[in-house]
Amino acid sequence: MRLSLLQKHENAHEDSVWTAAWAPDGGTLVTGSVDESVKLWNEAGDTLEQKHQLVGLSLGVVGVDVDASGRYGASSSLDSYVTVWDMTDYSTLHQFTNIPPSETWGLAFAPPGAAGSDKLLLAVAGGTANAVRLLDVGAKAEAATLGMPEAADKQRREKFVLSVAYSPDGRRIAAGGMDGTVALFDAATGKLLHTLDGHFKPVRDLTFTPDSKQVITACDDNHAHLYDAEHAELIEAFSGHESWVLSVSAHPSGTAFATGSSDSKVKLWDLSTRTCAQTCSEHTDQVWSVRFRPDGGRLASASDDRTVCLFDFAP
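The structure displayed is predicted, hence computed values, not measured ones.

(A) Local environment of the packing of aromatic side chains. Taken as a whole, this structure holds six aromatic pairs when the rule is applied. Where W18 meets W288, the ring centres are 5.5 Å apart and the plane angle is 50°; that geometry is what we call tilted. Of the two residues, W18 sits in strand β2 (residues 17-22) while W288 sits in strand β26 (residues 287-292), which places them 270 residues apart along the sequence. The class for W288 is buried, based on a relative accessible area of 19%. Their ring planes at 10° and their centres at 5.9 Å tell us that F257 and W269 sit as a pair that is stacked. Of this pair, F257 sits in strand β23 (residues 256-261) while W269 sits in strand β24 (residues 266-270); the two residues are 12 residues apart in sequence, bridging distant segments of the chain.

Right, dumping it as structure tokens:
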């Protein structure tokens, strides 16, 4: 398996690019930046071309996602506003403005029919609230709050939720905290199912494998971990980055995953051999986001160097 650089889009934003997400059709990439904007890019052949820019997202954008229908996009910004917009005409559907300061970070739309519901739900990592907020976009209201588990060592642990992900089958929600806590919740009931042990530093990002059976984490301890989501067991710790691991994305085939790090590297990992297959050095600063296109044919990476890179993936 191999990544090949197709495009290095320099000055994609006017400041650091912190987050990225593909629309489900794979034709549109969404990026968010400290420059207080979200940009939408069309993939034209082997390059990305900007098609729209959403501005006025105060203090910078830390999370973006697109729902499974491709109709709605969402962003979270440092002013704790969560903005949901129409991907067709870019109009704002709703802006959640009543969340207290420092209580939004990463976010993720629920898969269709998650927890047996037809509602459009958005999970938001709750920052200092030490919880995951479930927002009902249609009702324009908070649907539930999932509290992170209490740590045994309360003096050492810092309560701040950074990352959140739904399992593809919609049954579980995973959340990662500043203190290294990784929690798995039942999406239907909100009940805490497991905590995944092994990290003691911030878990910046996490994702489920396509079969929903495993969780991969990205942590400031320079490692990515692979966990069994059913039995809450650590399967493998992946080392190789020289600094914080900031982002992780699982390939849709379930055979690989990619990581981005503050060492400015993007790494491709082979899940069958549990080894690093490739290290890419196109970026010159921290890589805050890596995301495989839904069909697995491309990988996008976003960095503090203001660039967005587009890679081809060959199995």
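Now that the structure is up, let's keep going.
(B) Region of interest: the pattern of salt bridges. Throughout the structure, instances matching the rule amount to 14 salt bridges. With a shortest N-O distance of 2.8 Å, R204 and D220 are connected by a salt bridge. Placement of R204 in strand β18 (residues 203-208) and of D220 in the loop between β19 (214-219) and β20 (223-228) is noted, with a sequence separation of 16 residues between them. Residue classification places R204 among the buried positions, given a relative accessible area of 19%. Residue D220 is classed as buried on the basis of its relative accessible area, which comes to 4%. Each member of the salt-bridge network shares a partner with another, and the members are E43, D46, R293, D295, R298 and D312.

Thresholds, definitions, all that
- Residues numbered from 1 in each chain as written.
- Predicted model: local features only at pLDDT ≥ 70, side-chain atom pairs only at ≥ 80, totals over all residues.
- Heavy atoms only, no water.
- Phe/Tyr/Trp six-rings, centres within 6.5 Å; stacked < 30°, edge-to-face > 60°.
- Helix = DSSP H or I, 4+ residues; strand = E, 2+ residues; numbered from the N terminus.
- Buried < 20%, exposed > 50% of the residue type's maximum accessible area, 1.4 Å probe, protein only.
- Salt bridge = Lys/Arg side-chain N within 4 Å of Asp/Glu carboxyl O.

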